[in-house]
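Secondary and tertiary structure notes
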Amino acid sequence: MTSSAPVFLVKDGAQSWPEIAPMRARIYPPEKLRNSPMHGIEWANAERRVLLYIDDMVRAVAGIYEREISCDSQPTRVAGIGGVMTDPDYQGLGYGKQVMSHVMELLRTEANCVFALLFCEDHNIGFYRKLGWSLFEGEMRVEQHGKTGPFAFRNEMVLPLAGPAQRTGKLDLCGLPW
């Protein structure tokens with residue numbers, strides 16, 4: 001089987017949802033979500049998404065969020081990455097790495113953000129570390145169900161963009177996590 005070269009498109013987050021929803025449903029069927037650490041968490045909706053196409057089909061995706069947050073009580077503009085997925089039939093072929101590399105380059109050249117931040121489960125830490133991300137080891141606060149409080153989903157990771165990435169201290173996302 002010969003596949004075409006990857007094509008990357010940046011699309012509006014809401015408008016791209018119908019295109020990625022079938023892949024997400026395959027990766028996270030309702031029965032899997034009910035028994036996962038993500039069950040019951042409110043997540044922000046992506047502002048934009050980078051979609052990786054192979055043979056005119058979406059095979060990997062990553063959501064982009066930009067927001068002013070509070071870093072040790074100082075307003076700081078950050079970029080969030082969330083909803084990173086690769087079609088199960090195409091995992092292990094480097095498409096996740098390619099879509100993330102594309103997102104990271106896009107943020108470095110277009111976003112006016114000090115650093116990027118993402119949340120990941122334990123089994124993904126090594127993947128993101130290889131791409132240059134570091135664990136955040138401070139206190140994270142987010143909005144959940146209308147209230148702001150501590151958030152300990154799993155792991156927070158940061159990546160420098162236009163400045164150093166905050167690796168300790170207190171971060172308040174001033175809204176929902178991504």
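Here, every reference points to the structure presented above.
Report on the accompanying structure. All values reported here derive from a predicted model rather than from experimental measurement.

Examining the overall build of the protein chain
Across its full length, the protein chain holds 4 helices and 10 strands. The order of α-helices and β-strands along the protein chain, N terminus first, is β-α-α-β-β-β-α-β-α-β-β-β-β-β. Taking 16 Å as the expected radius of gyration for a compact globule of 178 residues, we find that the protein chain reaches 16 Å, a close match to that expectation. Reported as C-alpha extents along the three principal axes, the dimensions of the protein chain are approximately 55 × 40 × 30 Å. Buried positions account for 47% of the 178 residues belonging to the protein chain. Taking all contacts inside the protein chain whose residues are at least 6 apart in sequence as the whole, residues at least 24 apart take part in 74%. A distance of 3 Å separates the average location of the 19 positive side-chain charges in the protein chain from that of its 21 negative side-chain charges.

Regarding the nonpolar core
Ile81, Met100, Leu107, Leu118, Trp133 and Met157 are the most contacted members of the largest nonpolar core, which totals 29 residues. Going through the elements one at a time, strand 2 (48–54), strand 3 (57–71), strand 4 (74–86), helix 3 (95–110), strand 5 (115–120), helix 4 (125–130) and strand 9 (155–160) are the ones with two or more residues in this core. No other element matches the 7 residues that helix 3 contributes to this core. Setting aside its immediate chain neighbours within four residues, isoleucine 81 contacts Ala62, Gly63, Tyr65, Met100, Val103, Leu107, Leu117, Leu118, Phe119, Trp133 and Trp178. Residues Ala44, Ile69, Phe119 and Met140 belong to the second largest nonpolar core, which totals 22 residues.

Details of the packing of aromatic side chains
Applying the stated rule across the entire model yields 8 aromatic pairs. With 6.2 Å between their ring centres and 40° between their planes, tyrosine 90 and tyrosine 95 make a pair best called tilted. Comparing tyrosine 90 with tyrosine 95, the two get one shared label, buried. Seen from their ring centres, phenylalanine 127 and tyrosine 128 are 4.9 Å apart, and the 75° between their planes marks the pair as edge-to-face. In this structure phenylalanine 127 comes out as partly exposed when scored by relative accessible area, which is 29%. Grouped by ring-pair contacts, the aromatic residues Trp43, Tyr65, Phe119, Phe151 and Trp178 constitute a single cluster.

Some thoughts on the side chain of threonine 86
Take threonine 86: it is sitting in strand 4. Its relative accessible area of 13% is what places threonine 86 among the buried residues.

About the thresholds
- Residues numbered from 1 in each chain as written.
- Predicted model: local features only at pLDDT ≥ 70, side-chain atom pairs only at ≥ 80, totals over all residues.
- Heavy atoms only, no water.
- Helix = DSSP H or I, 4+ residues; strand = E, 2+ residues; numbered from the N terminus.
- Rg over C-alpha atoms; globule rule 2.2 N^0.38 Å.
- Buried < 20%, exposed > 50% of the residue type's maximum accessible area, 1.4 Å probe, protein only.
- Contact = heavy atoms within 4.5 Å.
- Lys, Arg positive; Asp, Glu negative; His and termini not counted.
- Charge placed at Lys NZ, Arg CZ, Asp CG, Glu CD.
- Core = buried A, V, L, I, M, F, W, Y, C linked by side-chain atoms within 4.5 Å.
- Phe/Tyr/Trp six-rings, centres within 6.5 Å; stacked < 30°, edge-to-face > 60°.

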